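A closer look at the structure
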Amino acid sequence: MTSSDDSKLPSSLLARLLAPRNLAVFVFLVLPLSLIFLVLIWWFARQNIAAQELADRKNDLLASGLPIDAESLLDYRRERIDSSRSQEWQRILDEIESDAFQESSRNIPGIGINVRKDVPIYVYGQDYPYDDAVRTYLTEWKRVLDRIHLVAVGSRGIWTSIESDAFFPGMGQERHIVRLLKLEFEDALRRDDFDHAGQCVLALIGSSRGAEEEPIAVSQMVSVAMLDVALEAIKTSLQIDCFDDEQWRAVLEQLEGLEEIEPRYRRFLIGERAWALPLFEDAEFLEELGEEAVAYQLPGGHSIDALETLAMYDRLELVPTDDLTTFFEEIESLQTSVQASFQSRNWLQKLDTQVTEMTVPSLVSMNQAFVRSAMHVRLAKTAILARLFQHREGRWPSTIQEIHDAEPGLLSAGDENGNLTIGSLAPMGDRPFGLKVDQDELVLWGFEPDSVTAATPVDPPTEQDFIDADAEYALMLADFHLQRWLWNLPTDGLAKSD
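Residues numbered from 1 in each chain as written. Predicted model: local features only at pLDDT ≥ 70, side-chain atom pairs only at ≥ 80, totals over all residues. Heavy atoms only, no water.

As a further point, take the overall build of the chain. A tally of regular secondary structure across the chain gives 23 helices and three strands. The proportion of buried residues among the 498 residues of the chain is 48%. In the form shown here, the chain has an accessible surface area of approximately 24700 Å², with 53% of it arising from carbon and sulfur atoms. (Helix = DSSP H or I, 4+ residues; strand = E, 2+ residues; numbered from the N terminus. Buried < 20%, exposed > 50% of the residue type's maximum accessible area, 1.4 Å probe, protein only. Areas by Shrake-Rupley, 256 points an atom, 1.4 Å probe, with all protein chains shown as cover.)

Okay, here's the thing in structure tokens:
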């Protein structure tokens, strides 16, 4: 073969490669397959790196004693919630759920399922058409009520057993217990048995705290709702002025033991994170989110998505909880930031974080619920101190500051070991609760914490104020908000005026 023949080989090979048929094979088959292969290598490499990082993060959480799924969440509950009263509490819950109890309750207002919706709400000093029926019912179940008082008064969290495939305990019986205690409280008021009414208030506070230590958002919200019933009873008792100073100090002691933002918020994060993490690796859990989540299951898994969720919870854990205003502002800002981030992401980032976007906890609802509950308790404590001030001085305090200044003397029980201390009485915002003294009453008021600019109004709120502030739910919630945030305390008390 000559040198000229050798020089022809490369050109001949190139000519063959560039032949229409071979070029088409290269362009439409070899090159696309090569690109797909490289993309797959890149895709699975990033997924494997993320999966290893996720495994390390989960191991770190477990090593810190924090749950990452249902099983570890059950262990977390078992280790941290007191179980010394669990057996007796479970017996009470079983009795509440029994056919005999349910059948007996059917026609009892506030509890039964057969009661008409137009049953009048009990008002102290007014005739109550169901008085005899309620009295008979409470007498029938007195032994259960006595046991509830023994367990609930002074209580904190009570551990209850739940199924391994459940993420939160059933709270139906606990809510029934609160309704039962409210019924007992109102019955005691009708009989002017104010000593027993005071015990009912303490039991209402204690029963609401049964779920206080649950690391589950739903349970936390139920606990807050149950506490609202206790605070309503406190407001009624203050208006009637039916408790002596020692009774009010006992109530204050229980209120002061309540958790505010911390550590309730931390438990919320722990439970929500443990609920969310299994969603990234189990298709059965993903299906519970809807068809969209299942349709976009990614080859190699959702580890990058899960890391995004963990990063979000890392940011949430940095939110300070020692000040209501700062906490509210930080959560609102973080919620806005998270939503803006989702909206500005490119297609790959959206694909990577699709489950995170669907499982972000309702930060605004949680924020408002925790701050609202803390403010409601602080308003109740302020009202109690105002009534104690009136008992001692024979007049109402003229300012919130006067209540603060008198607080040490008001809380003294007359011995070295009997003194109480009360934490902050301030709402969120830059103004204290409102206070106005009229000739016949003291008026205290707060406000609904529905925005970062919310603050105590200059004048007591009216129902129209709440309607104007929330047009969407105004007719449904305005009266409810007014009952929560406007406290009118008659100077002589309803009991004395009767």
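Here we take up empty space enclosed by the protein. What the rule picks out here adds up to two cavities of 30 Å³ or more. Within this model, the second largest cavity holds a volume of roughly 50 Å³. In terms of lining residues, the second largest cavity is bounded by Leu-227, Leu-258, Glu-259, Glu-260, Arg-264, Phe-370, Ser-373, Ala-374 and Val-377. Among the elements that line the lining of the second largest cavity, the one with the most residues is helix H19 (residues 363-393), at four residues. For the lining of the second largest cavity, the per-class residue count stands at five nonpolar, one polar and three charged. (1 Å grid on protein atoms, 1.4 Å probe; cavity = no way out; pocket = protein on both sides within 12 Å on 5 of 7 lines; lining within 4 Å. Points joined across faces, edges and corners; volume = space filled by probe spheres on them. Nonpolar A, V, L, I, M, F, W, Y, C, P; charged D, E, K, R; others polar.)

Across a regular strand the side chains alternate sides, sitting on one face of the sheet and then on the other. Most of strand E2 (residues 441-445) is tucked away, with four of its five residues classed as buried. Note: strand E1 (residues 434-437) against E2, four bridges, orientation antiparallel. Within E2, the position partnered with Val-437 by the bridge is Leu-442. Here E1 folds back onto E2 in antiparallel fashion, the turn holding three residues. As judged from the five bridges shared by E2 and strand E3 (residues 486-490), these two strands associate in the antiparallel manner. In the strand pairing of E3, Val-443 is matched with Asn-488. (Pairing = 2+ DSSP bridges.)

Along its 19 residues, helix H8 (residues 172-190) runs 27 Å from first to last C-alpha, staying within 8% of the 27 Å computed at 1.5 Å per residue. Taken across its 19 residues, H8 has 15 buried, putting it largely inside the fold. Asp-192, located one to two residues past H8, shows a positive phi value of around 55°. (Expected span 1.5 Å × (residues − 1).)

A few words on the sheet that holds E3. In spatial order, the strands read E1-E2-E3; together these three strands make up an open sheet with antiparallel pairing. Two strands close off the open sheet at either side, each with one partner strand: E1 and E3. Each adjacent strand pair in this sheet contributes to an overall mean axis angle of 15°, direction not counted. The sheet contacts of H19 involve E2 and E3, and relative to E3 the element is tilted by about 15°. (Axes fitted to C-alpha atoms, helices over the stretch in contact; angles between N-to-C directions. Contact = heavy atoms within 4.5 Å.)

Attention shifts here to a nonpolar patch on the surface. A grouping of Leu-33, Ile-36, Leu-40 and Phe-44 is seen on the molecular surface, where their side chains present a nonpolar patch of about 350 Å² in accessible area. Relative to the helices and strands, Leu-33 resides in helix H2 (residues 20-63). (Patch = residues over 30% accessible without salt bridge, like charges linked within 9 Å, V, L, I, M, F, W, Y side chains within 5 Å. Salt bridge = Lys/Arg side-chain N within 4 Å of Asp/Glu carboxyl O.)

Right, let's get into the layout of surface pockets. Summary: where empty space remains is shown by rolling a probe the size of a single water molecule over the atoms. Volume-wise, the largest pocket comes out at about 1200 Å³. Ile-121, Tyr-122, Lys-182, Glu-186 and Glu-232 are the residues nearest the centre of the largest pocket, which is lined by 39 residues in total. It is helix H10 (residues 217-240) that contributes the most residues to the lining of the largest pocket, 12 residues altogether. Here the second largest pocket is characterised by a volume of approximately 390 Å³. Surrounding the second largest pocket, 21 residues form its lining, Phe-447, Glu-448, Asp-450, Phe-466 and His-481 being those nearest its centre. Here the residues of the lining of the second largest pocket sort into nine nonpolar, five polar and seven charged.

The next thing to look at is the packing of aromatic side chains. One pass over the structure, following the stated rule, counts seven aromatic pairs. Seen from their ring centres, Tyr-122 and Tyr-128 are 5.7 Å apart, and the 80° between their planes marks the pair as edge-to-face. With relative accessibility at 12%, the residue Tyr-128 sits in the buried group. Ring geometry for Phe-268 against Phe-370: centres 6.1 Å apart, planes inclined by 85°, an arrangement best described as edge-to-face. Note that Phe-268 is positioned in helix H12 (residues 264-276) and Phe-370 in helix H19, a separation of 102 residues in sequence. The pair Phe-268 / Phe-370 is uniform in exposure class, with both members buried. Through a chain of ring-to-ring contacts, three or more aromatic side chains come together here, namely Phe-101, Tyr-137 and Trp-141. One cation-aromatic arrangement involves Arg-190 over Tyr-122; the distance from NZ or CZ to the ring centre is 4.8 Å. (Phe/Tyr/Trp six-rings, centres within 6.5 Å; stacked < 30°, edge-to-face > 60°. Lys NZ or Arg CZ within 6 Å of the ring centre and 35° of its normal.)

Inspection of every chain in the model, using the stated rule, returns 36 salt bridges. A salt bridge links Glu-308 to Arg-345, with the nearest nitrogen and oxygen atoms 2.7 Å apart. Residue Glu-308 is found in helix H15 (residues 303-317), and its partner Arg-345 is found in the loop between helix H16 (324-343) and helix H17 (347-352); the two are separated by 37 residues along the sequence. Residues participating in the shared-partner salt-bridge network are Asp-131, Arg-135, Asp-187, Arg-190, Arg-191 and Asp-193.

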